[in-house]
Amino acid sequence: MQNVDLNGKPYNRFLFVMVMLLGSFTMSMSQSSISTAYPTLMSSFGIDASTVQWLTTGFMLIMCVMMPVSPWLLNNVKFKQLFLMILAIFDIGTIIVVLAPNFSVMMLGRAMEAIAVGILFPSYQSVLLYITPEEKRGTTMGFAGLIMGSALACGPILSAIVLHFSAWRGLFIVFAVIITILFVISLFAIRNVMPEKESHLDFPSVILSVGLIGILYVVNMIGKTNIDMTLAIIVLIVSVLMVALFAIRQFKMDQPLLQLRVLKDFNYDLSVGLTGASYIALIVVTIIFPLYYQDVLGVSKTVSGLALAPGAIVLSLLNPLTGKLADKIGFKSTMLTGMFMILAGWLVLSITGATLGLVPMMIIAAVIEGGNAFVMMPAVTMGANSLPKDLISDGTAVISTFRQILGSTGVLVATLILSNVMDNNVAKGMSHMVAQMGGFHVVFITFFIIELVGLAMALMLRNTKK
């Protein structure tokens, strides 16, 4: 493995990678941990459920816009400076959240966090893929998957523990302390390892990419009461046109903001779809299952958060192993295994409905999250291996952007189905509990069907070991 930076100076590669992964781990936890604190935040700021959800929805929207910009930043800013900037932006945003006197200021802090996360997620994967020999990328990205997947699953667990002993601000103090420590370590551990290719930042492309926010905003509005449907339709049409113009512009430019020509490789396209399918399964489990535990099974917020621990442990243990497995037996066999595991979990839920107890649900969550370990990072690695080395950062940014869009849409769809089916059931005269169970059952069936599409994509893969 390469252990010298661009100036030919040796560096500690293990420490370099660990600092990147710990930064990603902490920021990923911040993405999923806040949902557990919703009731407390609603009480503290005097806001309703639809408003507090913007702490997650808005976070995801801003992330989506920043991800296409990450390849340009990697090519035009020295990596050490870029990484320190990312940590600083996240740290300042987190401190703003801790000190926020009202919800608007808290949203500002969350927006800064989202900017940092949106740049970091594709960037750190690009760097790992760039500095790792192709034959060892599966193993390396397996550890990266451990960080990303387990952090997403561990977020609600950490939140449940911290909120048990302190107020909601304590959760963000933990994140601020960790990132501050990593910033100091990064001054010595992070080196410039990515070659710079100076290019002009295409501002029209940046503006057009905002259409992604408009699309997800409208999806988030569907099913809510008292919305202006005319305005929503106009926003959707304008947003779709903006995204279409963004794509057309990227294909016509010599130096596009995001190199969409990577989508011309069939295996790469399948890898984009597969990483999205697996991420949908993971994020829906980490957000919907705690709601099931609390609303149907009647357990406390602390128990609902801790109930995700077995799945997070399985995910963490399997991710490094699946990376090595992909290097040895090929990506198609590895990802088919994962998709069958994910499908098996949703199939059991679809058949049994919302009737299972806590322990069976925890086992199913572990199976689905374990399946994610066989799919998500192997798909990212396979996609990178399909591309020339100088397009890895673009390819990773495209995958990360699509994955985030699909994951965000998956959560929104699950939430909308749950609330709408429950409201319809209550209107039909069902009790609140029966109505809720019916809503969860429809969610389970819906995501079983979605993951069938993922299985079809895995079957279409061209078998390769690299």
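Residues numbered from 1 in each chain as written. Predicted model: local features only at pLDDT ≥ 70, side-chain atom pairs only at ≥ 80, totals over all residues. Heavy atoms only, no water.

The chain goes by MFS transporter in an unreviewed UniProt entry, where it is assigned to Apilactobacillus apinorum. As recorded by UniProt, the Subcellular location (unreviewed entry) comment attached to the chain reads in full: "Cell membrane". (UniProt positions renumbered as here; feature names shortened; annotations may be inferred.)

Asker: Hey, could you run me through the environment of V174 in this one?
Answerer: Mapped onto the elements of the fold, V174 is located in helix 9 (residues 168–189). Along the primary structure V174 and V162 are separated by 12 residues, whereas in three dimensions their C-alpha atoms are 8.8 Å apart. (Helix = DSSP H or I, 4+ residues; strand = E, 2+ residues; numbered from the N terminus.)

Asker: Any chance you could explain the packing of aromatic side chains here in plain terms?
Answerer: The geometry of an aromatic ring pair comes down to the distance between the two centres and the angle between the two planes. Considering all chains together, one arrives at 15 aromatic pairs under this definition. Geometrically, the ring pair formed by F45 and F103 is edge-to-face, given 6.3 Å between the ring centres and 65° between the ring planes. With F45 in helix 2 (residues 38–45) and F103 in helix 7 (residues 103–131), the pair connects residues that are 58 residues apart, well separated along the chain. Taking the relative accessible area as the measure of exposure, F103 reaches 14% and is therefore buried. (Phe/Tyr/Trp six-rings, centres within 6.5 Å; stacked < 30°, edge-to-face > 60°. Buried < 20%, exposed > 50% of the residue type's maximum accessible area, 1.4 Å probe, protein only.)

Asker: What's the story with a nonpolar patch on the surface in this structure? I'm lost.
Answerer: On the surface, L15, I173, V177, I181 and I185 cluster together into a nonpolar patch covering about 400 Å² of accessible area. Top element by residues in the nonpolar patch is helix 9. It accounts for 4 residues. With respect to the helices and strands, V177 occurs in helix 9. (Patch = residues over 30% accessible without salt bridge, like charges linked within 9 Å, V, L, I, M, F, W, Y side chains within 5 Å. Areas by Shrake-Rupley, 256 points an atom, 1.4 Å probe, with all protein chains shown as cover. Salt bridge = Lys/Arg side-chain N within 4 Å of Asp/Glu carboxyl O.)

Asker: Is there a simple way to explain the nonpolar core in this structure?
Answerer: Side chains of nonpolar character tend, in soluble globular proteins, to be buried together. If you look at the biggest cluster of nonpolar residues, it comprises 132 residues, and the most contacted ones within it are F16, M106 and W346. Looking at this core, the element that brings in the most residues is helix 13 (residues 266–295), giving 16 residues. Those residues in contact with W346 that sit more than four places away from it in its chain are A281, V284, V285, F289, I368, F444, F447, F448 and E451. Ranked by size, the runner-up nonpolar core spans 5 residues in total, among them L61, C64, L212 and I405. (Core = buried A, V, L, I, M, F, W, Y, C linked by side-chain atoms within 4.5 Å. Contact = heavy atoms within 4.5 Å.)

Asker: Looking at this model, I keep getting lost on the packing of helix 16 (residues 331–352) against helix 19 (residues 432–459). Mind explaining?
Answerer: A pair of packed helices is captured by two measures, namely the crossing angle of their axes and the spacing between those axes. Axis separation between helix 16 and helix 19 bottoms out at 8 Å; the angle between their running directions is 160°. As summarised for this structure, helix 16 and helix 19 are arranged roughly antiparallel, according to the angle between their axes. Considering the relative orientation of helix 16 and helix 19, their crossing is left-handed. Residue-level contacts link K332, L336, M339, F340, I342, L343, W346, L347, L349 and S350 of helix 16 to H441, F444, I445, F447, F448, E451, L452, G454, L455, A458 and L459 of helix 19. (Axes fitted to C-alpha atoms, helices over the stretch in contact; angles between N-to-C directions. Parallel < 35°, antiparallel > 145°, perpendicular 65-115°, else oblique. Left-handed = near helix turned anticlockwise from the far one by under 90°.)

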